[in-house]
Amino acid sequence: MRYAFIHNLARCSVRRNLRRYMQVQIEDARLRQAAQQDMDAFLQAVADAIIQQAGGELTAAAMAQLNAEQVTLWGYMLLRDELMDGGFVQMIHNGYGPFFFENPFAKAMRLWGLHDFSKMLYKARKLYEDHKEVLTKPCTDDEFMALFEQHPEFDDLDDDFVEQEEQITAQVACYVDEHLDHFVQVTGAPE
């Protein structure tokens, strides 16, 4: 059963990883309720089920229990929260740079059909590589705030993400909806 939204987005495809991982379950009623609210609630419900069952913290041990699709969704939710709160500078300073830029996250977004977002991430990766030593070193609150002024090269990417966040999230929701069995097993569905 699909939990479709009022979107007409292109179908996405990705190769399914055949390795067996923890089966994350979610109640049909919970998923239906979230889908009726909006795409954000739908994504959050799926992500929450994954996060809760994996232990609540994005660690190597948690990721080892999940398939690539589940880790990518969890990653997107973290990335979106970080970028909406403080942009790429904050995301990198908070220690997420290696997860997003030293792993194939941008490639996964491209495989999910988010080509423009993937290109944005590759641009951010280049800036990360150029400035990661400065952006990741410990600093005071004042020094942290100064990082934003010292690295205006991230401003356009931050603005682009904020402007496109709704569309990007809609594309992620479409992908998750169309490939729901890659993320969760829906339980208690009416026959």
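Residues numbered from 1 in each chain as written. Predicted model: local features only at pLDDT ≥ 70, side-chain atom pairs only at ≥ 80, totals over all residues. Heavy atoms only, no water.

J.: So what's going on with a negative patch on the surface? Residues and values would help.
T.: Side chains of Asp155, Asp156, Asp159, Asp160 and Glu163 sit close together on the surface and give a patch of like negative charge. Relative to the assigned elements, Asp155 resides in helix H8 (residues 155-178). Since its relative accessible area comes to 35%, Asp155 is described here as partly exposed. (Patch = residues over 30% accessible without salt bridge, like charges linked within 9 Å, V, L, I, M, F, W, Y side chains within 5 Å. Areas by Shrake-Rupley, 256 points an atom, 1.4 Å probe, with all protein chains shown as cover. Salt bridge = Lys/Arg side-chain N within 4 Å of Asp/Glu carboxyl O. Lys, Arg positive; Asp, Glu negative; His and termini not counted. Charge placed at Lys NZ, Arg CZ, Asp CG, Glu CD. Helix = DSSP H or I, 4+ residues; strand = E, 2+ residues; numbered from the N terminus. Buried < 20%, exposed > 50% of the residue type's maximum accessible area, 1.4 Å probe, protein only.)

J.: Could you give an account of the nonpolar core, with specific residues and numbers?
T.: Formed by 59 residues in total, the largest nonpolar core has its most connected members in Val46, Leu73 and Phe117. Among the secondary structure elements, those contributing two or more residues to this core are helix H1 (28-37), helix H2 (39-53), helix H4 (68-101), helix H5 (105-111), helix H6 (115-136), helix H7 (141-150) and H8. For this core, the element with the highest residue contribution is H4, accounting for 15 residues. In contact with Val46, not counting residues within four places along its chain, are Ile26, Leu31, Leu73, Val176, Leu180, Phe183 and Val184. (Core = buried A, V, L, I, M, F, W, Y, C linked by side-chain atoms within 4.5 Å. Contact = heavy atoms within 4.5 Å.)

All quantities given are derived from atomic positions and should not be read as evidence of function.
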